[in-house]
Number of protein chains: 2
Amino acid sequence: MSVTIYDVAKKANVSMATVSRVINGNTNVKPTTRKKVMAAIEELEFRPNAVARGLASRKTTSVGVIIPDISNMFFAELARGIEDIATMYNYHIILSSSDQNLNRELDLFDNMLEKQVDGVIFMGGSISEEHVKAFNQSNVPVVLAATVDESNQVPSVNIDYYSAITDAVHELIEKGHQKVGYVSNSIDSSIETSKVNGYQDTFKEHKLSVDSNLIYKGDDTYQSGIKAAHYFMDLDEKPTAILTSSDEMALGVIHGAQDLGVKIPDELAVIGFDNTRLSVMVRPELTTVVQPMYDIGAVSMRLLTKLLKNEDVEEDQVILPHRIIKRSSTKE
Amino acid sequence: MSVTIYDVAKKANVSMATVSRVINGNTNVKPTTRKKVMAAIEELEFRPNAVARGLASRKTTSVGVIIPDISNMFFAELARGIEDIATMYNYHIILSSSDQNLNRELDLFDNMLEKQVDGVIFMGGSISEEHVKAFNQSNVPVVLAATVDESNQVPSVNIDYYSAITDAVHELIEKGHQKVGYVSNSIDSSIETSKVNGYQDTFKEHKLSVDSNLIYKGDDTYQSGIKAAHYFMDLDEKPTAILTSSDEMALGVIHGAQDLGVKIPDELAVIGFDNTRLSVMVRPELTTVVQPMYDIGAVSMRLLTKLLKNEDVEEDQVILPHRIIKRSSTKE
DNA sequence: ATGAAAGCGCTAACAA
DNA sequence: TTGTTAGCGCTTTCAT
């Protein structure tokens, strides 16, 4: 079959324990014997079997990543952040898309435990008690990325969604907009709830009326942005600005409005959310709320490595900063 | 520690072999004992250890996926196709981004072999002899997805890039365009070479001159599309149509040209490549060559499963069909 | 600094 | 139909 540690030991005239020490960088090996062993490894083209190692050491150096949809730009960018840091710390990634389906999420988590992952990064719409229970019962650390657990029991990395939307609405109100449409993400996640609350509270704060007609339930697609534009432009009391829960929907809104002859930003201001690469791939370029996706992924993975090494973490509910980047879909 | 097959055996008053048979769906088990065992599994919340199973059976039911960049829409879509089929056949995916770097690709491949993956799907710019050698020396099947190996030694799934570009150029020439700019992908892969050849050959075929000034070396980004538009519009003999090697660059070209006051498609026709979701997220909507990314991923994975099960495959160099979808960035 | 030996949790002959 | 018994290839005490 394939070359094993035993073959190397024989060739180098040492015991397999010594070979094991060499491949694991254990310092208790005389330099000369280390050389011998290395030579044997070279010669035999020995490649350690990670599965056997995993069984013996009870560590697989692999982490599970559960993601709603890898073909979604937003999550793909997060995944890239996760991966880069994982690579840096020598972890491998087992990646699965859940389509935000509860049972599938739970199943995937279970499968990953069977594979003996050392930890998992979870991304999803909402965290139920079932999730928390599953995470707690397992004895591997779990970190939520761009996903909030309202009970605050699971370590997580996010931005402050409520205040992010608040900032965007403030911005608009200051510019004189009184009627601002909001295109939400239909998935009823606690993140979306925070956003909607932020949106409504800001109007109340400014003593402005909150018109429920001004909230359109989108589904995070470009198409639903287009529909939203049509919906809003059909209203008797049209909004003068539209805020969306994602950049992709914002592009839809811009094009939907433009198709109707509405001038952006003169007749309608648009603000997106996320600052994906899409935001500069449109005319006018999109003003948007920056959510540092790559960083969220990277920080999540970094946090997980700390948890894996039992380093102490001062804060396991990380909130990364957000900001608004002004481009041409809003005036001035 | 955790519950093992042995604990279950004791609880159910059977041998571990029987438990093993039950969890592996072996039919040689009396229904009543199967029930007993199932009950014990339930009660103890037994979860089989995939690592131990992998060591004993020499199969891990996981496949490695080497991808240039998961945050690139094109590859993310491929990955989704791969993943869906992998899930269907109960394989897990170990995913790593290579950034198209040869050494990293080779390293990743090696790491995956250490992890004892059952097979790997490889995506990358170009396949060198080193790649082929590494693939052949391993004893796991490898399938290339949207990646061509000119030596045809490695199973692969692609479209016919040469003829895809040819079709696009024909289309343009038929519409009367004599000067057609081409924005290439700088990465010197054999796919890009096929495309450039297809582009040039078509002009020769029509007895039209091939002007090397009409080829702009892009780098697959939106920005390079913008630059390409500026470059072309600055030429004395401006092209009346531009073909790009990817949709993202096509969007750049459209916007770059529009920023310069050029009307699309009246003064300049634009054709993209891939038919990513981007192609409808622009005005005018983009005419493009359809490359079925999801399908390429799915078919690659399906092919790999066949290879893994030693089913015979009639053809291991799969060419999927392509077509042109006409939208509004070209006339009529 | 090195070796011997006992597992890690499971599969897969081979018996019975 | 069920049980016994070797391993799978490595890590990790415990000796020496």
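Residues numbered from 1 in each chain as written. Chains lettered and ligands numbered in written order. Predicted model: local features only at pLDDT ≥ 70, side-chain atom pairs only at ≥ 80, totals over all residues. Heavy atoms only, no water.

Caption draft 1: Fine view of the overall build of chain A. Counting its secondary structure elements, chain A contains 12 helices and 12 strands. Expected size for 332 residues packed as a compact globule is a radius of gyration near 20 Å; at 26 Å, chain A overshoots this value by more than 25%. Oriented by its inertia axes, the alpha-carbon framework of chain A measures out at about 90 × 40 × 35 Å. Residues counted as buried form 54% of the 332 residues belonging to chain A. Sequence-distant contacts, at least 24 apart, represent 69% of the contacts inside chain A between residues at least 6 apart. Carbon and sulfur atoms form 47% of the exposed surface of chain A, whose accessible area is close to 14,700 Å². With 33 positive and 46 negative side-chain charges, chain A shows a separation of 11 Å between the mean positions of the two kinds. (Helix = DSSP H or I, 4+ residues; strand = E, 2+ residues; numbered from the N terminus. Rg over C-alpha atoms; globule rule 2.2 N^0.38 Å. Buried < 20%, exposed > 50% of the residue type's maximum accessible area, 1.4 Å probe, protein only. Contact = heavy atoms within 4.5 Å. Areas by Shrake-Rupley, 256 points an atom, 1.4 Å probe, with all protein chains shown as cover. Lys, Arg positive; Asp, Glu negative; His and termini not counted. Charge placed at Lys NZ, Arg CZ, Asp CG, Glu CD.)

Caption draft 2: Summary view of the protein's contact with DNA strand D. As a matter of local geometry, DNA strand D sits amid 27 residues, with Ile-5 of chain A together with Arg-21, Lys-30, Thr-33 and Arg-58 of chain B nearest to it. By atom count, sugar and phosphate contribute 59% of the portion of DNA strand D lying within 4 Å of the protein. Measuring from a phosphate oxygen of DNA strand D, one finds a side-chain N or O atom of Ser-20 of chain A at 2.7 Å. One nitrogen or oxygen atom from the main chain of Asn-49 of chain A is found 3.1 Å from a phosphate oxygen belonging to DNA strand D. Breaking the surface near DNA strand D down by element, the ones donating at least two residues are α2 (16-23) and α4 (50-57) of chain A together with α2 (16-23) and α4 (50-57) of chain B. (Near = heavy atom within 4 Å. Polar contact = N/O pair within 3.5 Å; in protein donor to acceptor, adjacent residues only side chain to side chain.)

Caption draft 3: Structural context of the sheet that holds strand β12 (residues 323-325) of chain B. All names here are of chain B. Strand order in the open sheet formed by six strands is β7-β6-β8-β9-β10-β12, with mixed pairing between adjacent strands. The sheet terminates laterally at β7 (215-218) and β12, the two strands that pair on one side only. In this sheet, neighbouring strand axes are inclined to one another by 20° on average, regardless of whether the strands run parallel or antiparallel. Sheet topology note: the strand β6 (residues 180-185)/strand β8 (residues 241-244) ladder contains four bridges and is parallel. What sits directly across from Val-183, in β8, is Thr-244. Those strands touched by helix α10 (residues 222-233) are β6, β7 and β8, and its axis lies near 155° from that of β7. (Pairing = 2+ DSSP bridges. Axes fitted to C-alpha atoms, helices over the stretch in contact; angles between N-to-C directions.)

Caption draft 4: Representation of the pattern of salt bridges. All told, the structure shown has 26 salt bridges over all chains when counted by the stated rule. When the shortest N-O distance is used, the salt bridge between Asp-110 of chain A and Arg-47 of chain B registers 2.9 Å. You can see Asp-110 of chain A sitting in helix α6 (residues 102-114) and its partner Arg-47 of chain B sitting in the loop between α3 (31-44) and α4, one on each of two chains. Owing to a relative accessible area of 31%, Arg-47 of chain B belongs among the partly exposed residues under this scheme. Here Glu-171 of chain A and Lys-326 of chain A are joined by a salt bridge, their closest N and O atoms 3.3 Å apart. (Salt bridge = Lys/Arg side-chain N within 4 Å of Asp/Glu carboxyl O.)

Caption draft 5: Layout of the domain arrangement of chain A. Here chain A is partitioned into domain 1 (5-57), domain 2 (62-159 + 293-320) and domain 3 (161-292). Between domain 1 of chain A and domain 2 of chain A, the C-alpha centre-to-centre distance is 34 Å. (Domains from an automatic or database assignment.)

Caption draft 6: Seen up close, the relation of the copies chain A and chain B. Expressed as a screw transformation, the operator carrying chain A onto chain B has a rotation angle of 180° and an axial translation of 0.0 Å, and the superposed copies differ by an RMSD of 0.1 Å. Taken together, the rotation and translation describe the operation of a two-fold axis. No C-alpha of chain A approaches the rotation axis more nearly than that of Ile-94 of chain A, which lies at 2.3 Å. In this assembly the copies share their binding face: 100% of the residues contributing to the interface of chain A also contribute to that of chain B. (Least-squares fit on C-alpha atoms with pLDDT ≥ 70 in both.)

Caption draft 7: Broad picture of the sheet that holds strand β9 (residues 269-274) of chain A. All names here are of chain A. Taking strand neighbours across the sheet as the criterion, the six strands line up as β7-β6-β8-β9-β10-β12 in an open arrangement whose pairing is mixed. Edge positions in the sheet fall to β7 (215-218) and β12 (323-325), since each has one partner strand and no second. In this sheet, adjacent strand axes meet at a mean angle of 20° when their direction is disregarded. Bridge count for β9 against strand β10 (residues 287-290) is four bridges, and the pairing is parallel. By the bridge assignment, Asp-274 is partnered in β10 with Val-290. Where helix α8 (residues 161-174) meets the sheet, it contacts β6 (180-185), β8 (241-244), β9, β10 and β12, and its direction lies at approximately 165° from that of β9.

Caption draft 8: Molecular detail of the protein's contact with DNA strand C. Surveying the vicinity of DNA strand C reveals 27 residues, the closest of which are Arg-21, Thr-33 and Arg-58 of chain A together with Ile-5 and Ser-20 of chain B. Sugar plus phosphate, as a fraction of atoms of DNA strand C within 4 Å of the protein: 62%. At 2.6 Å, a side-chain N or O of Ser-20 of chain B approaches a phosphate oxygen of DNA strand C. Between a phosphate oxygen of DNA strand C and a side-chain N or O atom of Arg-53 of chain B, the distance comes to 2.9 Å. For the surface near DNA strand C, the residue count by class is 12 nonpolar, 10 polar and five charged. (Nonpolar A, V, L, I, M, F, W, Y, C, P; charged D, E, K, R; others polar.)

Caption draft 9: Region of interest: unusual backbone geometry. Arg-283 of chain A connects to Pro-284 of chain A through a cis peptide bond whose omega is -5°. Mapping Pro-284 of chain A onto the fold places it in the loop between β9 and β10. Following Ile-264 of chain B, the chain continues to Pro-265 of chain B via a peptide bond in cis, the omega torsion being 5°. Phi at Asn-13 of chain B is positive, roughly 60°, even though this residue is not glycine. Here the phi dihedral of Asn-310 of chain B falls at roughly 55°; this positive angle occurs in a residue that is not glycine. Inspection of the secondary structure assignment puts Asn-310 of chain B in the loop between α12 (293-308) and β11 (317-320).

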